[in-house]
Amino acid sequence: MMSLNELWFLLIAVLFVGFFFLEGFDFGVGMSTTILAKNDTERRVLINSIGPFWDANEVWLITAGGAMFAAFPHWYATLFSGFYTPLVFVLLALIGRGVAFEFRGKVASETWKKTWDIVIFCGSLLPPLLFGVVFACLIQGVPIGEDMNMNAGLFDVVNAYTLLGGITVVVLCLVHGLMFTTLRVLGDLQDRARAMAKKLLIPLAILMVGFAVMTYFNTDVFEVRGTILSVVAVVGVIAYLLAAFFISRKRDGWAFGMTGAIIAISFTSIFIGLFPRVMVSSISDAYSLTITNAASGQYSLKVMSIIALTLLPFVLGYQIWSYFVFHKRVNAKDHLEY
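Residues numbered from 1 in each chain as written. Predicted model: local features only at pLDDT ≥ 70, side-chain atom pairs only at ≥ 80, totals over all residues. Heavy atoms only, no water.

A. Molecular detail of the nonpolar core. Counting 102 residues, the largest nonpolar core has Phe16, Phe72, Trp75, Phe83, Phe135 and Met279 as its most contacted members. Tallying contributions element by element places helix α1 (residues 4–35) first for this core, with 14 residues. (Core = buried A, V, L, I, M, F, W, Y, C linked by side-chain atoms within 4.5 Å. Buried < 20%, exposed > 50% of the residue type's maximum accessible area, 1.4 Å probe, protein only. Helix = DSSP H or I, 4+ residues; strand = E, 2+ residues; numbered from the N terminus.)

B. Here's a closer look at the packing of aromatic side chains. Summed over the entire model, instances satisfying the criterion amount to 29 aromatic pairs. Here Phe16 and Phe135 contribute two aromatic rings whose centre-to-centre distance is 5.5 Å and whose plane-to-plane angle is 75 degrees, an arrangement assigned as edge-to-face. Here the residue Phe16 occupies a position in helix α1, and Phe135 occupies one in helix α6 (residues 110–140), the gap between them amounting to 119 residues. Note on Phe16: relative accessible area 7%, which makes it buried. Ring centres 4.9 Å apart and planes at 10 degrees place the aromatic pair Tyr161 and Phe211 in the stacked group. Of this pair, Tyr161 sits in helix α8 (residues 160–184) while Phe211 sits in helix α9 (residues 188–218); the two residues are 50 residues apart in sequence, bridging distant segments of the chain. By way of ring pairs, the aromatic residues Phe9, Phe16, Phe19, Phe20, Phe27, Phe72, Trp75, Phe131, Phe135, Phe267, Phe271 and Phe275 are connected into one cluster. (Phe/Tyr/Trp six-rings, centres within 6.5 Å; stacked < 30°, edge-to-face > 60°.)

C. Region of interest: the environment of Leu46. Positionally, Leu46 belongs in helix α2 (residues 40–50). The buried category is assigned to Leu46, whose relative accessible area is 0%. Taking C-alpha positions, Leu46 is 6.4 Å from Thr33, a pair spaced 13 residues apart along the chain. Those residues in contact with Leu46 that lie beyond four places of it in its chain are Val29, Ser32, Thr33, Ala37, Thr181 and Leu189. (Contact = heavy atoms within 4.5 Å.)

And the structure:
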């Protein structure tokens, strides 16, 4: 029978996977405003395509952080203090992007709009890059001592393996965002989004294979969870091949589902490789944080479980309803202020 510690580890994993699935296409669309759009009208259409969704999608990250704080306070303390600098930049990027969405259409000035467009691009690029670096660090291991404090130098966090992880997440989010664009717009912009996604499939495959190979040699996750990770890897390859097939056949809905599946599978594999650990110590495995030594008391976990299971259906219902209400495609005639 699943313990409460295992249940909350699973819930946090689901929240992070949900965040990257949903906010991943927001990041991709945000990057597309610079990479794909040819003029201000197309940029406005792209921003409008995620206008009803992006802020609700970020709630998944806030909820994941709150659940981590309540269920695994030692994990929360070590993670957020140890990775203070990259996570502050993530926060600033998310704030800047949200402000840019609201402010870019307030002044009829090209300089004004171009400035905020740069903020949107950077605010969409930095979070997946830095999150990719942080999650790669989690499975590679960081110097955590017996006191559960993380004392990492620059190259403990920024190295070839973690940078490859960050770049892989960026490209994956971009492809996912391009496929979301094909579902939300029509005409030439839709065709160019699909064509760009198709061109990025080969670089994405190279990055993902390279990261998987480096993960095998740089971490112990295959040693600890080799059998199940091998199965997950096969499922990931199938999802990738299906994504390529559906993109070539212009089956955009199915292709979007497959790029989302690749994101979900990728981050699920990280949590599988970690379990029952939540952070790996590069000093000694005895100092690694686990779902046992990093957890709150059983009474706290029990109360949280009752509250979460009570409120979760309402939250999911609201988000599903919002996607249904705003499911229509966006075009240049939609005069929104963005």
